[in-house]
Amino acid sequence: MITKIKNNWYSLTKKELEKKLKTDLEKGLDETEVFQLQKIHGKNVLNQDRQITFLKKVFNHLKSPMAFVLIIAGIIAIVLGQFLDAIIVFLVVIINLVVGILQENKADKAFEKLNTAQKKYATVVRGGLQKVVPVEELVRGDIVLLVAGSSVPADIRLIENKDLLINEATLTGEWIGVSKDTGPIRGLDPSLLDQTNLLWMGTLVSDGYGKGVVVETGQNTQLGEISEDMSNFEMSTPLKRKLDKLVRFLFVVILTSVIIIFAVGVYHGESYSNMLLVSIAVAISAIPQGLPIAMTSVLAVGMKEILKKGGLVKNLLAPETMGNVSVILTDKTGTITKAEMKLSQILTLSNSEEEKKEVLKRAILTSDAFIERDEKSELIINGRPLEKAIISAGLEQGISQDELKEGNKRLDLLLFSSDNGYSASLNEHGKGKKQIYISGRPGTLLNKSRFVLKGNKKVKMTKNDMEYFENILEEKTRQGMRLTAIASRLFTAEKIKGDALEDLVFCGLLAFDDPIREDVREAIQTSEKLGVRTIMLTGDNKGTAQKIAEEAGIIKKGGRVLEGKDIDEMSNKELKVALGKVNVFARMSPSQKLRISKILKGSGEIIAMTGDGINDAPALRNANVGIAVEGGTEVAKESADMILLNNSFSVIVYAIEEGRRVVSNLKKIVAYLLSTSSSEVLVIGGALAFGLPLPLLASQILWINIVEEGLMNFSFVFEPKEKDEKREGRFIAEKEILNSNLKKMIIFVGLATGSIITLLYFILIKLDLPLDEIRTIVFVALSVDSLFFAFSLKSFTKPLWKINILGNKFLIMAWLSGMIMVVASFSIPFLRTILHTTSLNLFDFLILVGLGLFDVFLIEIAKYFFFRRKEKKIFAQNLIGAVAVK
């Protein structure tokens, strides 16, 4: 075990840091040193949660309220001499234990896959060269480069700083950026937050640039200490809290009913011991104790399925929320397009090859992308897609980034942000001179340029020159190309300041191809079938946005496109009206995206929103489901509920489909468990109220519980999605799983089933059949009623004869297991003895089959009135609405 080493890293000078860490603050460590340090200190990872042993899982299940009550009931049965009942009680404990652990293991495996799905990387300097390495490979003494949007990969002492702001919400809960400095802090022991030259693992770079040296890794970091303190805390989700509340409510209702049953039974002459065991058995059978773990399993399996397609879900409730999404707000680059940019054209005033090459060189000097070699000595370009395309084009033309930097040493760098729309690099330019190179939005740089590059010389820009570039810009954006402009100027200041865009020399335009993904058009069509609307919000030009949206099928040819400046002139009411008609918005800033998200959300829409930048974080947090792309900033990823590992839009649509399956299966589990939980209470309560003998014994009630809640409830976890027909009109989300129609159906089925079996009991008593035979019939009837209507619950909107009965193999297996248990209960002598059952004749079987079919008929009636009829009505309304819009 690695012990925490206490060091006053905040008080050391740069030379002291170098000496203590045995590193070079300029060149970093070499690979041999890194290897040795990894052997000593281990990987830069936090201790994984200790694996829960099998015995611990057994103990956790046995200490649950239901298991505790069962064990007490078994002990009471032994004390009262009811040894056969005691055997059944403890058999139920064992079966529930096995099923519970199987369910828990299934959920654990799904979560384990999610936890290992995403890797994080850091940019380091090793042996004097920049390279990207997995965060877990960092060691003390590594030199790390930090840029806006990245996460701090270890505890780091800052040695270089340009306007660095750190989001320390991990430690403080506050999202406001905190400024940092590089100098040593002298004096008495400062608090954690006063150590302003230190950056803590897990915090985020919200602005600026920094360079630092790793001082602590893994469990030795401040985050490691916090995670150690948090390891014993139990997390709770809103859905789990709702389920716990539901179970507690049912517990109170059922406990009250059981007390009444006990009192009435004793009043009518039943023995105290018999009524005590029966009452406990009824309580256990009526409370759906399998509901929380079954619900968690549905969500976990949903997360696992989405991961298979390339979506890493971070929030347990996200699959359920995705199932209710009605609007997707998506960016263009990377989700709609491939983000595989290629520099297609360099457009200059004279378009000479010499001039184009000079513009490309200036673009390379502006870029913050860099080249490294992998283990096979192959070149790897690291950076944003557009920057990588520039460096790649330079390599194709024999322009070396390293050689350019040697003669043009970088003095300062301003990274691109959506707020200012450009990036800039300040470089040496000959003896005693400095030049700033700028890459950014064409319109912005054109308007700020007084000069233009012509024959590699600076000349004054004329009106004709301006119109020439504006015409090119319009033509290329209509073709769907993405353009960036390159400009430069001599500079006298030591650092890039606010006057960087004054008196620019406009060098030229770079036009990039970024084709749309092959599967995106089909994904858009699928989302339409699901009743989900897609709105594209992009920072690109109007022409580019329109062309891509038409190709993707988001709008028809010539469809309306609004720009950010247009919506700034609209009131919220006007924008709400526009949002009902417009699906593409260009030249959008993050704040404008957030405004649109808020208006749609305020209108009752459930929003899924994509983003990749630092400034996208507020909009991602505001959305019902925030979706970050794998190539995006760590700030965006931290704010998101889901990360697209392959950046594809089709994954979002698949996640919505999977979410619909999750929501549907959650409803099926709730319907199944709650419909079967009240029947025993009604039958026993009804019989005792009329002074009749107990229709069921304690052992029989517990066996019914095994049949109904053993594997059957868990089988709905694996129910495949239903094939939706094309949906006209909009999808309307439901805020609650247990909605009013589902409640009505559950109450109807529970009351109807309980009442019919109670009536059957009265009739059998009147026929003067032996009591053991009557109890056996009632026992089998209550056991098989849920087995009969389980297949009807496979769909709320289709009748049984249109449902694919064999679509869920787990349900078939669970159903067969249940039927075997029922048949065994009156066929095997040993079980007949302990369950107090008798063998059944043909007449009894005919009664049970008729009752089972009548149960199916009842639930089909309930489905029609509470779901199918409503579905047809909504479909008709949506169809009329859709026709009216068209």
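Please read these numbers as outputs of a predicted model, since none were measured by experiment.

Before going further, it helps to examine the overall build of the protein. Helix and strand content of the protein: 32 helices and 25 strands. Residue burial in the protein is summarised as follows: out of 886 residues, 53% are buried. If you sum the accessible surface of the protein, you get close to 40700 Å²; carbon and sulfur atoms cover 57% of it.

Let's shift gears to the pairing of strand β18 (residues 482–490). Counting buried positions along β18 gives seven out of nine residues, so the element sits mostly inside the fold. Relative to β18, strand β15 (residues 434–440) is paired through six bridges, and the arrangement is antiparallel. Looking across to β18, one finds that Gly 440 is bridged to Ala 485. Examined bridge by bridge, β18 and strand β19 (residues 504–513) share seven bridges and lie antiparallel to one another. By the bridge assignment for β19, Thr 484 is matched with Leu 510.

Let's shift gears to the nonpolar core. Of all hydrophobic cores here, the largest spans 126 residues; its most connected members are Val 325, Ile 336, Ile 554, Phe 649, Ile 684, Met 745 and Leu 793. Residue contributions to this core peak at 14 residues, all from helix α24 (residues 649–676). In this structure, Ala 424, Leu 446, Ala 500 and Phe 506 belong to the second largest nonpolar core, which totals 28 residues.

In this section: the pattern of salt bridges. This structure, assessed with the given rule, holds 24 salt bridges. The salt bridge involving Glu 494 is made with Lys 434; its shortest N-O contact spans 3.5 Å. Taken together, the residues Glu 494 in the loop between β18 and β19 and Lys 434 in strand β15 connect sequence positions 60 residues apart. Taking the relative accessible area as the measure of exposure, Glu 494 reaches 58% and is therefore exposed. With a shortest N-O distance of 2.5 Å, Arg 661 and Glu 658 are connected by a salt bridge. You can see Arg 661 and its partner Glu 658 sitting in helix α24, three residues apart, about one turn around the helix. Like Arg 661, the residue Glu 658 is buried in the burial classification. Salt bridges sharing partners connect three or more residues here, namely Glu 31, Arg 126, Lys 131 and Asp 142.

Summed over all chains, the structure comprises 12 aromatic pairs. Centre to centre, the rings of Tyr 761 and Phe 762 are 6.5 Å apart; their planes meet at 45 degrees, and the pair counts as tilted. Using a relative accessible area of 0% as the deciding quantity, one classes Tyr 761 as buried. The exposure class assigned to Phe 762 is partly exposed, which follows from its relative accessible area of 23%. The interplanar angle of 65 degrees and the centroid separation of 6.0 Å between the aromatic rings of Phe 826 and Phe 845 together place this pair among those described as edge-to-face. Here the residue Phe 826 occupies a position in helix α30 (residues 809–827), and Phe 845 occupies one in helix α32 (residues 842–885), the gap between them amounting to 19 residues.

Here Ala 608 lies in strand β23 (residues 607–611). Since its relative accessible area comes to 0%, Ala 608 is described here as buried. As for Ala 608 and Val 327, which are separated by 281 residues in sequence, their C-alpha atoms are 6.4 Å apart. Once you skip the residues sitting within four places of it in the chain, Ala 608 turns out to touch Met 322, Val 325, Val 327, Ile 328, Leu 329, Val 625 and Ile 627.

Attention now moves to the sheet that holds strand β20 (residues 533–537). Read across the sheet, eight strands follow the order β8-β25-β24-β23-β9-β20-β22-β21 without closing on themselves; strand pairing throughout is mixed. The sheet is open, and its two borders are formed by β8 (311–313) and β21 (562–563), each paired with just one other strand. Sheet topology note: the β8/strand β25 (residues 642–644) ladder contains three bridges and is antiparallel. For Val 313, the partnering residue across the bridge sits in β25 and is Met 642.

Conventions we followed
- Residues numbered from 1 in each chain as written.
- Predicted model: local features only at pLDDT ≥ 70, side-chain atom pairs only at ≥ 80, totals over all residues.
- Heavy atoms only, no water.
- Helix = DSSP H or I, 4+ residues; strand = E, 2+ residues; numbered from the N terminus.
- Buried < 20%, exposed > 50% of the residue type's maximum accessible area, 1.4 Å probe, protein only.
- Areas by Shrake-Rupley, 256 points an atom, 1.4 Å probe, with all protein chains shown as cover.
- Pairing = 2+ DSSP bridges.
- Core = buried A, V, L, I, M, F, W, Y, C linked by side-chain atoms within 4.5 Å.
- Salt bridge = Lys/Arg side-chain N within 4 Å of Asp/Glu carboxyl O.
- Phe/Tyr/Trp six-rings, centres within 6.5 Å; stacked < 30°, edge-to-face > 60°.
- Contact = heavy atoms within 4.5 Å.

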